Amino acid sequence: MEVAQDVPSLLAESRRREKAQTQYYRALASVAESEGDGPVSERLNALHADEQHHLSRLTARLIELGEKPEDLSSFPREEAVYHGWERVARDRELREIEWYEEILSAIDDPATRNVISEILECERHHRQELGGKWMPA
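Below is a summary of the structure that appears in this document. The model shown is predicted, which means the values in this text are computed figures rather than measured ones. (Residues numbered from 1 in each chain as written. Predicted model: local features only at pLDDT ≥ 70, side-chain atom pairs only at ≥ 80, totals over all residues. Heavy atoms only, no water.)

## Comments concerning the overall build of the protein
A tally of helices and strands in the protein yields four helices and zero strands. Across the protein, helices and strands are ordered from the amino to the carboxyl terminus as α-α-α-α. Taking 2.2 N^0.38 as the reference for a compact globule, 137 residues should give roughly 14 Å; the C-alpha atoms of the protein span a radius of gyration of 15 Å, in line with that estimate. Along the first, second and third principal axes, the C-alpha set of the protein runs to 50 × 30 × 25 Å. A buried classification covers 43% of the 137 residues belonging to the protein. A sequence separation of at least 24 residues applies to 77% of the contacts in the protein between residues at least 6 apart. Within the structure as shown, the protein displays about 7,500 Å² of accessible surface, and the carbon and sulfur contribution to it stands at 47%. (Helix = DSSP H or I, 4+ residues; strand = E, 2+ residues; numbered from the N terminus. Rg over C-alpha atoms; globule rule 2.2 N^0.38 Å. Buried < 20%, exposed > 50% of the residue type's maximum accessible area, 1.4 Å probe, protein only. Contact = heavy atoms within 4.5 Å. Areas by Shrake-Rupley, 256 points an atom, 1.4 Å probe, with all protein chains shown as cover.)

Okay, structure coming up:
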């Protein structure tokens, strides 16, 4: 089965977006831990874990398509502000939902659509619950 020419670039951009999300939630979790806010730290670590899982799934799909994923080890970190994080996180999750809805309509490949659909469903839960553990093992 032939994959549309732009699918690798869509997956690459999705990886960059997920890397930003992993860094964002990890930074917030670190602040929550230092503030002694265990329940929020747990929520943020669960969100981080899901976003890391998304990154892994996207990376695996690129490799399956014969692509060499971009090295994101020196990806620039954004500042994560702890005060009011829930509003910012919901906005970020909405942007993720919009991104995945948009690219889903541009992808014909069933295996890639399946990966994107699972991530999209998870992002919807993130926005609603601001908690993680939505990705299947």
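Now that the structure has been shown, we can carry on.
## Focus: the pattern of salt bridges
Note that side chains of opposite charge can pair when their charged atoms are close. Within the structure shown, the criterion is met by 11 salt bridges. Among the ionic pairs, R17 bridges to E96, the shortest N-O distance being 3.2 Å. In this pair, R17 sits in helix α1 (residues 7-34) while E96 sits in helix α3 (residues 85-104), placing the two residues 79 residues apart along the sequence. The partner of R61 in a salt bridge is E64, with the nearest N and O atoms 2.9 Å apart. Of this pair, R61 and E64 are both found in helix α2 (residues 38-64), three residues apart, which corresponds to roughly one turn of the helix. Among the residues examined, E64 registers a relative accessible area of 56% and is labelled exposed. If you follow the salt bridges from partner to partner, you end up with E13, R16 and E70 in one network. (Salt bridge = Lys/Arg side-chain N within 4 Å of Asp/Glu carboxyl O.)

## Let's talk about the packing of α2 against helix α4 (residues 110-129)
With their axes 10 Å apart at the nearest point, α2 and α4 run at an angle of 165° to one another. The orientation of α2 relative to α4 falls into the category roughly antiparallel. Of the two possible hands of crossing, α2 and α4 adopt the one that is left-handed. Residues R43, L47, D50, E51, H54, R57, L58 and R61 of α2 form the contact with α4, whose own contacting residues are A111, T112, N114, V115, I116, E118, I119, C122, E123, H126 and E129. (Axes fitted to C-alpha atoms, helices over the stretch in contact; angles between N-to-C directions. Parallel < 35°, antiparallel > 145°, perpendicular 65-115°, else oblique. Left-handed = near helix turned anticlockwise from the far one by under 90°.)

## Some thoughts on the packing of aromatic side chains
Both the distance between ring centres and the angle between the ring planes are used here to describe each pair of aromatic rings. Inspection of every chain in the model, using the stated rule, returns one aromatic pair. Ring centres of Y24 and Y25 lie 5.2 Å apart, and the angle between their planes is 65°; this geometry places the pair in the edge-to-face category. Given the relative accessible area of 0%, Y25 is considered buried. The side chain of R92 reaches across the aromatic face of Y24, ending 3.9 Å from its centre. (Phe/Tyr/Trp six-rings, centres within 6.5 Å; stacked < 30°, edge-to-face > 60°. Lys NZ or Arg CZ within 6 Å of the ring centre and 35° of its normal.)

## Section: the nonpolar core
Residues L11, L58, Y100, I103, I107 and I116 are the most contacted members of the largest nonpolar core, which totals 15 residues. Broken down by secondary-structure element, the contributors of at least two residues to this core are α1, α2, α3 and α4. When near neighbours in sequence (up to four residues on either side) are disregarded, I103 contacts L10, S14 and I116. Ranked by size, the runner-up nonpolar core spans 13 residues in total, among them Y25, V40, W85 and L130. (Core = buried A, V, L, I, M, F, W, Y, C linked by side-chain atoms within 4.5 Å.)

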